[in-house]
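Observations on chain architecture
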Amino acid sequence: MKILISNDDGYQAPGIVALYEALRDLSGVEVEVVAPEHNNSAKSNALTLHSPLYVHQSSNGFRYVNGTPADCVHIALTGLLGYRPDLVVSGINNGANMGDDTIYSGTVGAAMEGYLFGIPAIAFSQTEKGWAHLDAAASKARQLVLQLLPSLSGTSRSHEPWLLNVNIPNRPVNDIQGFKVARLGRRHAAEQVIAQTNPRGETMYWIGSAGPAKDDAEGTDFHATAQGYASITPLQVDLTDHDRLPYWAPVAAQLSQHPTDTGRESA
Ligand code: MN
């Protein structure tokens, strides 16, 4: 059983060290780390196409890449590792990846890259920044991976990969209620951009914080984690709005009936 570990906070982040330490001594498991050299939070699934990537190895064995989380998993799976891992795990992230965070998250991006290659994958995050009770989060991550290991083994390996997004409240391990399956909630739109003047008198902009929870109803990841549970959300990649396919079909049909009508007078 081989597990590839990545993250978006960088290979030196406490979260990835804790995840590695939690999984490395599972029986019959080999773990390897390929992670970004620097913090790549909010890089989603970005790939680096216009500059070269370099891989170096830290004294603790972790390999690090001057690229994004998805770069790390991509090059690991397409040549660097030389084998196909049975599971890709990402994290443990410094802060929540709930609701629409999942669209931006590099932690989810790294896991999603594994999933896109047909490998089961899990993204782990702590709901608050600052690494409080990281040992508890690592312990819950270990518990979940241990539970899933039999389904990943050669004979019982399912044909369909899956992608899990897991958020763990920053609590002592005995105060975490357990795991709860939850759908993604929603956040309000982000805070205003922050404009400042640099020493040369030029205006610069800082992206504002993510908004507060807008939909944190029962059944959401926001609700489950607020109740003290670690939330498990199965994710899919198909962004198609299937319910609205019929709504847009007549629009396409109408456009097709008048293929040259662009609203301009013809000469
Ligand atoms: Mn991060």
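First things first, this report covers the structure right here in the doc. This structure is a prediction, so every number in the text was calculated from the model and none was measured.

Right, let's get into the sheet that holds strand β8 (residues 178–181). Read across the sheet, 9 strands follow the order β3-β4-β2-β1-β5-β6-β7-β13-β8 without closing on themselves; strand pairing throughout is mixed. At either end of the open sheet lies a strand with only one pairing partner, and these are β3 (55–57) and β8. Across the sheet, the mean angle from the axis of one strand to that of its neighbour is 25°, orientation sign disregarded. Where β8 meets strand β13 (residues 229–234), 4 bridges bridge the pair, whose relative direction is parallel. Bridging from a neighbouring strand, Gly 178 pairs with Tyr 229 of β13. Sheet strands touched by helix α1 (residues 14–23): β1 (2–6), β2 (30–36), β5 (87–93) and β6 (121–126). Its angle to β5, the strand with the most contacts, is close to 135°. Contacting β1, β5, β6, β7 (163–168), β8 and β13, helix α5 (residues 134–152) runs over the sheet at an angle of about 165° to β6.

Counting residues in hydrophobic clusters, the biggest one holds 39 residues, and the most contacted among them are Ile 3, Ile 5, Leu 23, Val 89, Ile 122, Phe 124 and Val 145. Of all the secondary structure elements, the ones that give two or more residues to this core are β1, α1, β2, β5, β6, α5, β7 and β13. In terms of residue count, α5 provides more of this core than any other element does, 10 residues in total. Excluding anything up to four places from it in sequence, Val 89 contacts Ile 3, Leu 4, Ile 5, Ser 6, Leu 19, Leu 23, Ile 122, Phe 124 and Val 145. In terms of nonpolar packing, the next biggest core, distinct from the first, is built from 19 residues, Val 88, Met 112, Tyr 115 and Ile 119 among them.

Looking at the manganese ion, one finds its protein donor set to be Asp 8 (OD), Asp 9 (OD), Ser 41 (OG) and Asn 93 (OD1), positioned 2.1 to 2.3 Å from the metal centre. Along the chain, the residues donating to the manganese ion are arranged with the sequence spacing D-D-x31-S-x51-N. Of this pair, Asp 9 sits in the loop between β1 and α1 while Asn 93 sits in strand β5, placing them 84 residues apart in sequence.

So, how was this worked out
- Residues numbered from 1 in each chain as written.
- Predicted model: local features only at pLDDT ≥ 70, side-chain atom pairs only at ≥ 80, totals over all residues.
- Heavy atoms only, no water.
- Pairing = 2+ DSSP bridges.
- Helix = DSSP H or I, 4+ residues; strand = E, 2+ residues; numbered from the N terminus.
- Axes fitted to C-alpha atoms, helices over the stretch in contact; angles between N-to-C directions.
- Contact = heavy atoms within 4.5 Å.
- Core = buried A, V, L, I, M, F, W, Y, C linked by side-chain atoms within 4.5 Å.
- Buried < 20%, exposed > 50% of the residue type's maximum accessible area, 1.4 Å probe, protein only.
- Donors = N, O, S within 2.8 Å, 3.2 Å for Na, K, Ca; no water.

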